[in-house]
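Structural overview
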Amino acid sequence: MAENKRTETTEGRRERKRRQTRERIEQAAMTLFLQRGFEATTIEDITEAADVSKRSFFDYFPSKEEVVFAWQDAFADRLMAAIAARPADESSVAAVEAAITATVIASVDEPGLARGDLIHRTPALKARDQLKYAKLEHKLAEALLLRKGGDPLERPRMRVLAAIVIGALRVGAELWQQRPPSASPQDFAREIFTDLWKMLAEFGDEAKTRR
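What counts, and at which threshold
- Residues numbered from 1 in each chain as written.
- Predicted model: local features only at pLDDT ≥ 70, side-chain atom pairs only at ≥ 80, totals over all residues.
- Heavy atoms only, no water.
- UniProt positions renumbered as here; feature names shortened; annotations may be inferred.
- Helix = DSSP H or I, 4+ residues; strand = E, 2+ residues; numbered from the N terminus.
- Contact = heavy atoms within 4.5 Å.
- Phe/Tyr/Trp six-rings, centres within 6.5 Å; stacked < 30°, edge-to-face > 60°.
- Buried < 20%, exposed > 50% of the residue type's maximum accessible area, 1.4 Å probe, protein only.
- Lys NZ or Arg CZ within 6 Å of the ring centre and 35° of its normal.
- Arc of directions from axis to C-beta.
- Axes fitted to C-alpha atoms, helices over the stretch in contact; angles between N-to-C directions.
- Parallel < 35°, antiparallel > 145°, perpendicular 65-115°, else oblique.
- Left-handed = near helix turned anticlockwise from the far one by under 90°.
- Nonpolar A, V, L, I, M, F, W, Y, C, P; charged D, E, K, R; others polar.
- Core = buried A, V, L, I, M, F, W, Y, C linked by side-chain atoms within 4.5 Å.
- Salt bridge = Lys/Arg side-chain N within 4 Å of Asp/Glu carboxyl O.

Re the UniProt feature "domain: HTH tetR-type" (unreviewed entry) in the protein
Within this structure's numbering, the places UniProt gives as "domain: HTH tetR-type" (unreviewed entry) are residues 19–79. Along residues 19–79 the backbone is 77% helical and 0% strand, and the end-to-end C-alpha distance reaches 21 Å.

Side note on the environment of Tyr-60
Along the chain, Tyr-60 turns up in helix 3 (residues 54–60). Sequence spacing of Tyr-60 and Arg-22 is 38 residues, and the spatial spacing of their C-alpha atoms is 6.4 Å. Residues in contact with Tyr-60, not counting those within four places in the same chain, are Arg-18, Thr-21, Arg-22 and Ile-25.

Digging into the packing of aromatic side chains
In this description, an aromatic ring pair is defined by two values, namely the gap between the centres and the angle between the planes. Applying the stated criterion across every chain yields a total of four aromatic pairs. Taking 4.9 Å as the distance between ring centres and 55° as the angle between the ring planes, the aromatic pair formed by Phe-33 and Phe-38 counts as tilted. Across the pair, exposure class does not vary: Phe-33 and Phe-38 are buried alike. Put simply, the rings of Phe-57, Phe-58 and Phe-61 pair up and form one aromatic cluster. The cationic tip of Arg-128 hangs over the ring face of Phe-69; the distance from NZ or CZ to the ring centre is 4.6 Å.

Some thoughts on helix 2 (residues 43–50)
When helix 2 is considered as a whole, its buried residues turn out to be Ile-43, Ile-46, Thr-47 and Ala-50. Axial view of helix 2: buried residues confined to an arc of 95°, hence all on one face. After helix 2 finishes, the residue Asp-51 shows a positive phi value of roughly 60°.

Focus on the side chain of Thr-21
Among the structural elements, Thr-21 can be located in helix 1 (residues 2–36). By relative accessible area, which is 12% here, Thr-21 ends up buried. Those residues in contact with Thr-21 that sit more than four places away from it in its chain are Val-52 and Tyr-60.

Looking at the packing of helix 6 (residues 92–107) against helix 11 (residues 185–208)
It is at 10 Å that the axes of helix 6 and helix 11 come closest, and there the two elements cross at 150°. Between helix 6 and helix 11, the angle is such that the two are roughly antiparallel. Handedness of the crossing formed by helix 6 with helix 11: right-handed. Contact residues: helix 6 offers Val-93, Glu-97, Ile-100, Thr-101 and Ile-105, while helix 11 offers Pro-185, Gln-186, Ala-189, Phe-193 and Trp-197. Tallied by class, the residues present in the contact of helix 6 with helix 11 amount to seven nonpolar, two polar and one charged.

Remarks on unusual backbone geometry
With a phi close to 60°, Asp-51 is a non-glycine residue in the positive phi region. Structurally, the position occupied by Asp-51 is in the loop between helix 2 and helix 3.

Some points on the UniProt feature "DNA-binding region" (unreviewed entry) in the protein
According to UniProt, the "DNA-binding region" (unreviewed entry) feature falls on residues 42–61. Its end C-alpha atoms 14 Å apart, residues 42–61 is made of 75% helix and 0% strand.

Overview of the environment of Lys-139
Tracing the backbone shows Lys-139 in helix 9 (residues 131–147). Ignoring anything within four residues of it in the chain, the contact list for Lys-139 reads Ala-76, Asp-77 and Met-80.

Looking at the nonpolar core
Core analysis: the largest hydrophobic core is formed by 47 residues, its most contacted members being Ile-25, Phe-33, Val-68, Ile-83, Val-96, Ile-100 and Leu-140. Setting aside its immediate chain neighbours within four residues, Val-96 contacts Ile-83, Leu-140, Leu-144, Leu-161 and Val-165.

Concerning the side chain of Lys-64
Inspection of the secondary structure puts Lys-64 in helix 4 (residues 64–68). When sequence neighbours within four positions are dropped, the list of residues in contact with Lys-64 reads Phe-33, Phe-38, Glu-39, Thr-41, Thr-42, Ile-43, Ile-46 and Phe-57.

As for the pattern of salt bridges
Summed over all chains, the structure comprises eight salt bridges. A salt bridge links Arg-19 to Glu-23; the shortest N-O distance between them is 3.4 Å. Taken together, the positions of Arg-19 and Glu-23, both in helix 1 and four residues apart, correspond to about one turn of that helix. Of the residues examined, Arg-19 reaches a relative accessible area of 42% and is grouped as partly exposed. Residue Glu-142 pairs with Arg-155 through a salt bridge whose shortest N-O separation is 2.8 Å. Separated by 13 residues along the polypeptide, Glu-142 in helix 9 and Arg-155 in helix 10 (residues 155–176) bring together distant segments of the chain. What makes Glu-142 partly exposed here is its relative accessible area of 29%.

In structure tokens:
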């Protein structure tokens, strides 16, 4: 019994140390990126600032780019959890709007804004950033389908809804860069979704009268 307890404690400490090392690398890298620029910062600069070896860096991140985009997996996980937490009797449209709004607002902090600005002004990162939307769309469709009990007949509808919402998220991210300084994330998210559903309704009306 005592031996098992010591093993669990050791494993806990090991995981905690790995997490702390990863966070130290990420923090050192982002500080340097924001100070010097992404292209001007080398992996050697990051390892020196984080006090780790180059080998240790690659144990956690395959490239400099992956340090910047490490937050994407966490964002996707939070979004999936937010979808799962919505009431079972809530419509898919209401659930996805509430979940995405809450997840985006929770992600809009000072480091998040700084990271977004860095990506926006760095061409290599801006191109890489577009890949996240395909992953998010897939995960969102699966999360929405789970709310429908995995019904295969619902899969096409949930895929379309996920594609529409992630498309709106992509447009919203571009518009966010043009926001007035006083804009709040909450109001901005509500406005984006209000416009989205309005436009979809208008397109639906057009589709009904198409020739």
